[in-house]
Structure formats: C-alpha cells, structure tokens
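Chain and residue survey
Listed below, chain by chain, are the residues.
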Amino acid sequence: MLANFHTHTVWCDGKNTPEEMAEAAIAKGFGRLGFSSHLAFPESMEGYLSPDWALDYVRDVRRVAEKYAGRIEIFCGGEADYIPGATTPEKSRYGFMGFDYLIGAVHFVTADDGARVPVDDTPEKLVRGIAEHFGGDARSFVERYFEQQIFMVEHFDFDVLAHPDLVRKFNAKHPYFDEAAEWYEALEARLARSLAASGKATEVNTGAIARGWLDDAYPSAGFRATLRKYGVKCILSSDAHAASGIDCAFDRFGGQENFLIFPLDKRPRNMI
Ligand SMILES: [Zn+2]
Ligand SMILES: [Zn+2]
C-alpha cells in the first residue's frame, strides 16, 4: 500500500492545504497519508506552525480525515525540531495536540557560541554559518550535526528520525565535505547504532530529489546499507511540500528488500 507520513501544507511551509494533499494522494492510489507540520514550540518561526494555531491545525487535519474516511486513512503528526536550549521533539511537549506520531528533526546546528546554523536553507547561509561559527571547518560542523541527532535519538521520545544525512543536501552542487571520508562513515555508523538501540525508525526521504538538489534520497545508498546492517527500521517518505511531489521517486525506492517497512502500518497508539 502506498503511504506517506512526511507531508507539509500551508499550515507551515507547504504550498497546498491538507484537503488538496489528501485529494492528490487519493488520485495517486495512496492508502494512508500522515501530516507532519514543522514544529518548534514554544518558538514561532517562519515556515513553522505557530503555537497559536496548534489546535486549529489538528482540527483541520481531523476534519479532512473524516471527509475522506473510507477512501484514505489520514493521520495527524508533526516534524518537531531539536534546537538545543530552545525546543525538543518530545511527545510530552506536543501531547495536548493528540498526535498519532511524531517525527524528530535537526534543521539547525547549534555552534559553541550559541548561533544556529541552518543545514538546509541555502548554500550561501550554510557556507557563511560554517565560516562564522565553526571557524571555517566543515568537518566540525558535520560532526556537530550528527552529535545533535545522536543526542536527540538517545534522549527524546519520538517515533521517526527525519532525513538522517540532511547535511548532504548541498554537497552535490556545492561540495563542502568528503562523504567517502572515514570519519564521515564513522558518524553514520554511530547514528545507526543509536537508532538501533533506541528502537526508533528513520526514513528514506526523497525530498531532495523533488527539489532538484540530489539524485538520491536521504540517507545515501552507502548510509542505507549501514542502517540495514544494524537493523534500523525505515519508512519511505516524500517530505512533500506540494501536491505534485507526494510520491516523488517512490517507484525508485519502494521495492527495496525488507528495508522499507512501515512501522506505522498498524494504527499507531495515540499519544494522549
Ligand atoms: Zn525536515
Ligand atoms: Zn519535512
């Protein structure tokens, strides 16, 4: 069954409403669709769901779920950021929203001076952030990114780790570190071990293909092999920000042996 649990809408930085996304999913033969608005409560950030609208978002998704009941099963969740000292992806933080599941994500790497360097905003901001806050050392930036993810996986209560090597986003068109370096592969293995020990899943996320940055998913083929070696569960996600991208490259990744399982295939427990 086609399913996607990583979906954005106009409630954060997506182009379409939940209703439009649901119609597109039905038209493409999806059986399940989960919404995952960007969250960083209590912060109100551009492109993120405002805490003031938290319950309106849930009401809208549940209304659409009811409207299309019998045609597609709709879930309400979120993609919650970990920004040290500011916000954490924890079910207790978002429990009042009655989510079906929670995705945890790192989109900003916090430097020693407290600055938040955006991982996936623009190549220019990334380069400037590394120059100004990591002494121009891309390796320490990438290491901090993985350490932030490992800390998050080990300490917070969520279900799925989003795009576990988002640092690769600009590395094909604007290379800034060597993905084949031993130190980098060691970081991938450390994260895979943490995921396996925690029982949390991660995702094969095709969002960078939809947006033309990469010709491969997050995680890379090599990282996928490492995750497989450690027995980490994965879901396949499009991270769609528009109705047209809801099944982006699913035909390329859907058939992988035993790797792409759907831990959310059974109705997940409600968080409340
Ligand atoms: Zn994300
Ligand atoms: Zn996302």
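Residues numbered from 1 in each chain as written. Chains lettered and ligands numbered in written order. Predicted model: local features only at pLDDT ≥ 70, side-chain atom pairs only at ≥ 80, totals over all residues.

Our next topic: the overall build of the protein chain. Across its full length, the protein chain carries nine helices and nine strands. Within the protein chain, the fraction of its 272 residues that count as buried is 46%. Looking at the protein chain alone, contacts between residues at least 24 apart form 74% of all its contacts between residues at least 6 apart. (Helix = DSSP H or I, 4+ residues; strand = E, 2+ residues; numbered from the N terminus. Buried ≥ 20, exposed ≤ 12 C-beta atoms within 10 Å, placed from the backbone. Contact = placed C-beta atoms within 7 Å.)

Here we come to unusual backbone geometry. With an omega dihedral of 5°, the bond running from Phe41 to Pro42 counts as a cis peptide bond. Of note, Pro42 is situated in the loop between β2 (30–39) and α2 (54–67). Within the chain, Asp239 stands out as a residue other than glycine whose phi angle is a positive 50°. With respect to the secondary-structure elements, Asp239 resides in the loop between β9 (234–237) and α9 (250–253). On the basis of neighbour counts, which here come to 27 C-beta atoms within 10 Å, the residue Asp239 falls in the buried class. For Ala249, which is not a glycine, the phi torsion comes out positive at approximately 60°. As for its position among the elements, Ala249 is in the loop between β9 and α9.

On to the pairing of β2. Most of β2 sits inside the fold, with eight of its 10 residues counted as buried. Examined bridge by bridge, strand β1 (residues 2–4) and β2 share three bridges and lie parallel to one another. Within β2, the position partnered with Ala3 by the bridge is Arg32. With eight bridges connecting them, β2 and strand β3 (residues 73–81) associate as parallel partners. Bridge pairing in β3 links Gly34 to Phe75. (Pairing = 2+ DSSP bridges.)

Among the nonpolar cores identified, the biggest contains 77 residues, and Val119 and Tyr145 are the most heavily contacted of them. In terms of residue count, the dominant contributor to this core is helix α5 (residues 138–155) (six residues). When sequence neighbours within four positions are dropped, the list of residues in contact with Tyr145 reads Val106, Val109, Val119 and Val167. (Core = buried A, V, L, I, M, F, W, Y, C linked by C-beta atoms within 7 Å.)

Looking now at the packing of helix α1 (residues 18–27) against α2. In the contact formed by α1 and α2, the axes pass within 9 Å of each other and the chain directions differ by 35°. Along this stretch, α1 crosses α2, giving a crossing that reads as right-handed. Residues Pro18, Glu19 and Ala22 of α1 pack against Asp60, Val61 and Val64 of α2. Across the contact of α1 with α2, the residue classes break down as four nonpolar, no polar and two charged. (Axes fitted to C-alpha atoms, helices over the stretch in contact; angles between N-to-C directions. Left-handed = near helix turned anticlockwise from the far one by under 90°. Nonpolar A, V, L, I, M, F, W, Y, C, P; charged D, E, K, R; others polar.)

Reading across the sheet, the seven strands line up as β1-β2-β3-β4-β7-β8-β9 and stay open at both edges, with parallel pairing between neighbours. Looking at which strands have only one partner, the edges of the open sheet turn out to be β1 and β9. Sheet strands touched by α1: β2 and β3. Its angle to β2, the strand with the most contacts, is close to 150°.

Let us now look at helix α6 (residues 182–198). The first and last C-alpha atoms of α6 sit 24 Å apart over 17 residues, in line with the 24 Å expected at 1.5 Å per residue. Listed as buried for α6 are Tyr184, Leu187, Glu188, Leu191, Ala192, Ser194 and Leu195. Projection of α6 onto a plane perpendicular to its axis shows the buried side chains occupying an angular sector of 160°, all on one side. Facing away from the buried side of α6 by over 90 degrees, the exposed positions are Glu182, Trp183, Ala186 and Ala197. Looking at the residues trailing α6, positive phi occurs at Gly199, about 80°. (Expected span 1.5 Å × (residues − 1). Arc of directions from axis to C-beta.)

With 93% of its residues at a pLDDT of at least 70, the protein chain reaches an overall mean of 92. This stretch, residues 255–272, has a pLDDT under 50; its non-local contacts, to residues over four places away or in other chains, come to 28 contacts. (pLDDT = per-residue confidence, 0-100.)

Bringing the environment of Asn171 into the picture now. For Asn171, the position within the fold is in the loop between β7 (160–161) and α6. On the basis of neighbour counts, which here come to 20 C-beta atoms within 10 Å, the residue Asn171 falls in the buried class. Along the primary structure Asn171 and Glu90 are separated by 81 residues, whereas in three dimensions their C-alpha atoms are 30 Å apart. What Asn171 contacts, discounting residues up to four positions off in sequence, is Tyr176, Phe177 and Glu179.

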